[in-house]
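# Observations on chain architecture
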Amino acid sequence: MLNKTECSAFVIPIRDCLDILSGKWKLPILGALMEGKKRFKELERSIPHITPRMLSKELRELEINQLVKRTVYDTVPVTVEYEMAPYGHSLKKVLMEMKDWGTQHRKRIMTTDTPIVTEELDVVEV
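Residues numbered from 1 in each chain as written. Predicted model: local features only at pLDDT ≥ 70, side-chain atom pairs only at ≥ 80, totals over all residues. Heavy atoms only, no water.

## Brief notes about the packing of helix H2 (residues 26-34) against helix H4 (residues 52-64)
With their axes 10 Å apart at the nearest point, H2 and H4 run at an angle of 75° to one another. Relative to H4, the element H2 is oriented roughly perpendicular. Across from Lys26, Ile29 and Leu30 in H2, the residues of H4 making contact are Leu55, Glu58, Leu59, Glu61 and Leu62. Tallied by class, residues from the contact of H2 with H4 come to 5 nonpolar, no polar and 3 charged. (Axes fitted to C-alpha atoms, helices over the stretch in contact; angles between N-to-C directions. Helix = DSSP H or I, 4+ residues; strand = E, 2+ residues; numbered from the N terminus. Parallel < 35°, antiparallel > 145°, perpendicular 65-115°, else oblique. Contact = heavy atoms within 4.5 Å. Nonpolar A, V, L, I, M, F, W, Y, C, P; charged D, E, K, R; others polar.)

Written as structure tokens, this is what we have:
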């Protein structure tokens with residue numbers, strides 16, 4: 001059993017990770033950028049239902065956390081490209097593990113005959 005210090009040493013880094021990657025859009029954005037550089041409109045088209053305002057906000061946060069690199073080209077009109085920053089590439093293994101776990105979990109939940117217990121302890125048949 002972990003003592004309080006060991007528990008904190010375990011939980012704090014996980015919380016930091018979740019704080020940076022939390023929300024509905026950050027993981028899909030990073031997933032899209034794993035494929036390579038994209039312009040803003042390309043990113044917007046590759047992520048269903050994201051608004052330009054939300055995409056802009058999330059890209060700014062990812063850039064602040066050094067996960068995404070923004071490059072502005074001196075063209076007319078100005079061209080802006082986004083790509084995974086070198087530090088962002090350190091998340092590839094984590095993202096792929098999350099994808100694999102999510103795929104297995106979905107398969108398990110969708111094919112199980114075991115009832116699922118909800119928060120209120122009501123049994124829901126699957």
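## Quick notes on the sheet that holds strand E2 (residues 68-73)
Pairing within the open sheet is antiparallel, and its 3 strands lie in the order E1-E3-E2. Of all strands in the sheet, those with a lone pairing partner are strand E1 (38-39) and E2, marking the two edges. (Pairing = 2+ DSSP bridges.)

## Structural notes on the nonpolar core
Core analysis: the largest hydrophobic core is formed by 19 residues, its most contacted members being Ile29, Leu30 and Leu43. It is H2 that provides the largest number of residues to this core, a total of 4 residues. Excluding anything up to four places from it in sequence, Leu43 contacts Ile29, Ala32, Leu33, Lys38, Leu55, Leu59 and Tyr82. (Core = buried A, V, L, I, M, F, W, Y, C linked by side-chain atoms within 4.5 Å. Buried < 20%, exposed > 50% of the residue type's maximum accessible area, 1.4 Å probe, protein only.)

## Considering the packing of H2 against helix H5 (residues 92-111)
Orientation of H2 relative to H5, taken along the N-to-C sense of each, is 115°, at an axis distance of 11 Å. As far as their axial angle goes, H5 and H2 are roughly perpendicular. In the crossing of H2 with H5, the sense of the turn from one axis to the other is left-handed. Contacts between H2 and H5 pair Leu27, Leu30 and Met34 from the former with Lys92, Leu95, Met96 and Met98 from the latter. (Left-handed = near helix turned anticlockwise from the far one by under 90°.)

## With respect to the pattern of salt bridges
Counting across every chain of the model gives 7 salt bridges. Residues Glu44 and Lys41 are paired through a salt bridge, measuring 3.2 Å at the closest nitrogen-oxygen approach. One end of the pair, Glu44, and the other, Lys41, are both in helix H3 (residues 40-46), 3 residues apart, so they sit about a helical turn from each other. Take Glu44: its relative accessible area is 16%, and that puts it in the buried class. The salt bridge involving Glu61 is made with Lys57; its shortest N-O contact spans 2.9 Å. Here the residue Glu61 and the residue Lys57 both occupy positions in helix H4, the gap between them amounting to 4 residues, near one helical turn. Looking at Glu61, the relative accessible area reads 26%, which means it is partly exposed. Taking the relative accessible area as the measure of exposure, Lys57 reaches 34% and is therefore partly exposed. Each of Lys26, Lys57, Glu58 and Glu61 takes part in one network of salt bridges that share partners. (Salt bridge = Lys/Arg side-chain N within 4 Å of Asp/Glu carboxyl O.)

## What about the confidence of the model for the chain?
Per-chain confidence: the chain averages 89 in pLDDT, with 88% of residues scoring 70 or above. The least confident element of the chain, judged by mean pLDDT, is strand E5 (residues 123-124) at 46; the most confident is E1 at 98. Low pLDDT (under 50) marks residues 121-126, which in the prediction has 12 contacts with non-local residues, meaning those over four places away or in another chain. (pLDDT = per-residue confidence, 0-100.)

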